[in-house]
Amino acid sequence: MTVQQSGRRERKKAATRQKIADTALRLFLERGYDAVGIRDVAAEADVAVTTVFSHFASKEALVFEQDEDFEQRLTRAVTDRAPDEPIVPALRREILALVRHCTADGAAPVWRMIDASDALRRYDESMRLRHADALARAIAAEPGLTRSETAARTLARFAIDAYSLAREAPDPEAALDEIFPMIEAAWEAVRPPRHT
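Just so we're clear, the structure is a prediction, and the values are computed from it rather than from any experiment.

**Student:** Which residues make up the pattern of salt bridges, and what are the values?
**Tutor:** For the coordinates displayed, the defined rule picks out 15 salt bridges. Within the structure, one salt-bridge network assembled from shared partners comprises Arg26, Glu30 and Glu44.

**Student:** Explain the packing of helix H7 (residues 108-116) against helix H8 (residues 118-140) residue by residue, including any values.
**Tutor:** Direction vectors running N to C along H7 and H8 enclose 100°, while the axes themselves pass 5 Å from each other. As the angle between them shows, H7 and H8 are arranged roughly perpendicular. The residues of H8 that touch H7, namely those facing Trp111, Met113, Ile114, Asp115 and Ala116, are Asp118, Leu120, Arg121 and Asp124. Among the residues making up the contact of H7 with H8, the classes are represented as five nonpolar, no polar and four charged.

**Student:** Break down the packing of aromatic side chains for me, with residues and values.
**Tutor:** Aromatic ring pairs are reported here in terms of the distance separating the ring centres and the angle at which the planes meet. Counted by the stated rule, this structure contains three aromatic pairs. Seen in terms of ring centroids, Phe64 and Tyr123 are 5.3 Å apart; in terms of plane orientation they differ by 25°. Their pairing is stacked. Placement of Phe64 in the loop between helix H4 (59-63) and helix H5 (67-79) and of Tyr123 in helix H8 is noted, with a sequence separation of 59 residues between them. Judged by its relative accessible area of 9%, Phe64 falls in the buried class. Among the residues examined, Tyr123 registers a relative accessible area of 18% and is labelled buried. A cation over a ring is seen here: Arg147 above Trp187, with NZ or CZ 4.4 Å from the ring centre. Sitting above the plane of the Trp111 ring, Arg167 keeps its charged end 3.4 Å from the centroid.

**Student:** Can you lay out helix H9 (residues 149-168) for me, pointing to particular residues and giving the numbers?
**Tutor:** Look at H9: 29 Å from first C-alpha to last across 20 residues, which is about the 28 Å you get at 1.5 Å a residue. All buried positions along H9 are accounted for by Ala151, Ala152, Leu155, Ala156, Ala159, Ile160, Ala162, Tyr163, Ser164, Ala166 and Arg167. Tucked into the core, H9 has its buried residues touching H5, helix H6 (87-102), H7, H8 and helix H10 (172-189).

**Student:** Quick one: what's the story with the nonpolar core, residue by residue and with numbers?
**Tutor:** If you look at the biggest cluster of nonpolar residues, it comprises 58 residues, and the most contacted ones within it are Phe28, Leu62, Val63, Leu91 and Ile139. A total of nine residues in this core trace back to one element, the largest contributor, which is H9. Each residue touching Phe28, except ones within four places of it in the same chain, is listed here: Tyr33, Val36, Val41, Lys59, Leu62, Val63 and Met113.

**Student:** Give me the lowdown on the environment of Val78, citing residues and values where you can.
**Tutor:** Residue position: Val78 is located in helix H5. Spatially, the C-alpha atom of Val78 lies 25 Å from that of Tyr123, the residues being 45 residues apart in sequence. Residues within four places of Val78 in sequence aside, it is in contact with Ile87, Leu91, Leu135, Ala138, Ile139 and Glu142.

**Student:** I'd love a proper account of the side chain of His131, names of residues and values included.
**Tutor:** If you trace the backbone, His131 turns up in helix H8. The exposure class assigned to His131 is buried, which follows from its relative accessible area of 2%. When neighbours within four sequence positions are excluded, His131 is seen to be in contact with Asp67, Phe70, Glu71, Leu74 and Ile160.

**Student:** How would you summarise the side chain of Arg81 if you had to cite specific residues and measurements?
**Tutor:** With respect to the secondary-structure elements, Arg81 resides in the loop between H5 and H6. One polar contact links the side chain of Arg81 to the main-chain carbonyl oxygen of Glu85, over a distance of 2.5 Å. Excluding residues that lie within four positions of it along the chain, Arg81 makes contacts with Arg76, Pro86, Ile87, Ala90 and Glu142.

**Student:** Help me get a handle on the packing of H6 against H9, residues and values and all.
**Tutor:** Viewed as axis vectors pointing N to C, H6 and H9 meet at an angle of 30°, and their least axial separation amounts to 9 Å. Where H6 crosses over H9, the two elements pack in a sense that is right-handed. Within the contact between the two elements, H6 uses Ile87, Val88, Leu91, Ile95, Leu98, Val99 and Cys102 and H9 uses Leu155, Ala159, Ala162, Tyr163, Ala166 and Arg167.

**Student:** Break down unusual backbone geometry for me, with residues and values.
**Tutor:** The backbone of Asp46 sits at a positive phi, close to 60°, despite the residue not being glycine. By the element assignment, Asp46 lies in the loop between helix H2 (38-45) and helix H3 (49-55). Among the residues examined, Asp46 registers a relative accessible area of 66% and is labelled exposed.

Thresholds applied
- Per chain, the residues get numbers from 1 upward, laid out in the order the sequence is written.
- Reporting in this predicted model follows two pLDDT cut-offs: at least 70 for local features of residues, and 80 or more for side-chain atom pairs to be given and counted; totals over whole chains, interfaces and linings ignore these cut-offs and use all residues.
- In computing side-chain properties, one takes all heavy atoms of the structure into account and sets aside hydrogens as well as water.
- Salt bridges are defined as contacts in which a side-chain nitrogen from Lys or Arg sits within 4 Å of a carboxyl oxygen from Asp or Glu.
- Axis lines are fitted through C-alpha atoms, for helices just across the contact stretch, and the angle between N-to-C directions can take any value from 0 to 180 degrees.
- For the purposes of this entry, the term helix denotes a DSSP run of H or I that reaches at least four residues, the term strand denotes a run of E that reaches at least two, and both are numbered from the N terminus.
- Just so you know how the angles are binned, under 35 degrees is roughly parallel, over 145 roughly antiparallel, 65 to 115 roughly perpendicular, and the rest oblique.
- Here, two residues are considered to be in contact whenever any of their heavy atoms come within 4.5 Å of each other.
- Residues are sorted three ways: Asp, Glu, Lys and Arg are charged, Ala, Val, Leu, Ile, Met, Phe, Trp, Tyr, Cys and Pro are nonpolar, and all the rest, Gly among them, are polar.
- The aromatic pairing rule takes the rings of Phe, Tyr and Trp, using the six-membered ring of Trp, and pairs them if the centres are within 6.5 Å, calling planes under 30 degrees apart stacked, those over 60 edge-to-face and the rest tilted.
- Three exposure classes are used, based on accessible area relative to the maximum for each residue type with a 1.4 Å probe and protein chains only: buried under 20%, partly exposed in between, and exposed over 50%.
- In this scheme, Lys NZ or Arg CZ marks a charge over a ring once it lies within 6 Å of the ring centre and within 35 degrees of the ring normal.
- An expected span of 1.5 Å times one less than the residue number is assigned to each helix.
- Only buried residues count toward a nonpolar core, which is a set of Ala, Val, Leu, Ile, Met, Phe, Trp, Tyr and Cys residues joined through side-chain atoms within 4.5 Å.
- Polar contacts, as counted here, are pairs of nitrogen or oxygen atoms within 3.5 Å of one another; within protein the pair requires one atom able to donate a hydrogen and one able to accept it, and residues that are adjacent in sequence qualify only if both atoms are side-chain atoms.
- Handedness of each helix crossing follows the sense of rotation of the near helix against the far helix: counterclockwise by less than a right angle gives left-handed, clockwise gives right-handed.

Structure representation (C-alpha cells):
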C-alpha cells in the first residue's frame, strides 16, 4: 500500500467519524439526548450501526468526540514544552486554550444537554479521571522530577478541576488567574520525597 493510499484512507476514516459525530450532536440537540438512539444516528449519517461503533465505543462518546484530542493536548502541554519552561505555566496555557474552545459560541446548549443527563455527567466524570491519570503519568515521567508520584497525580487532578471550574465560570480567564497561583503554590510547596 502506498503512503498516498494510506493517507487517503485515513482522511476518509476521519471524515466519516466527524460526519457521525456532527450528525449525532445535531440530533441530540434537536430531539433530546435520551430520545435518539444509535440506530437513529447511523440512519441519519447514512452509515451502518457497526460503523458508528467502529468509531465510538458508546452513545456517550458521540457527545465527547474530541476526548482523545483533549487528553493528548494535556499530556503534550507537559511533554512538548520548552526545556526551561516549568510545568504549571505550560498546563495553565493549555487549560486556557481548552476552556476557550469549550466555551466558544454555540457550546452552551451542549453543556446544558450534558448537565441534564445522568449518563453524560457520569461519562464526563469518568473521562476527566482518565485524563487526570494520563496527565499524571506524563508529569511523573518528567526527567529529573523531584516530586513523588502522589504529587504528580495531585497536580494533574488540580489541573483537570481547574478546567471544569473555569469552564463554568462567568469569566473563565479570570477564574484561571485565580486558580493557577494556588496550584503553583501547592506544587512549589511539595518537598522531594524522603529516602530512607
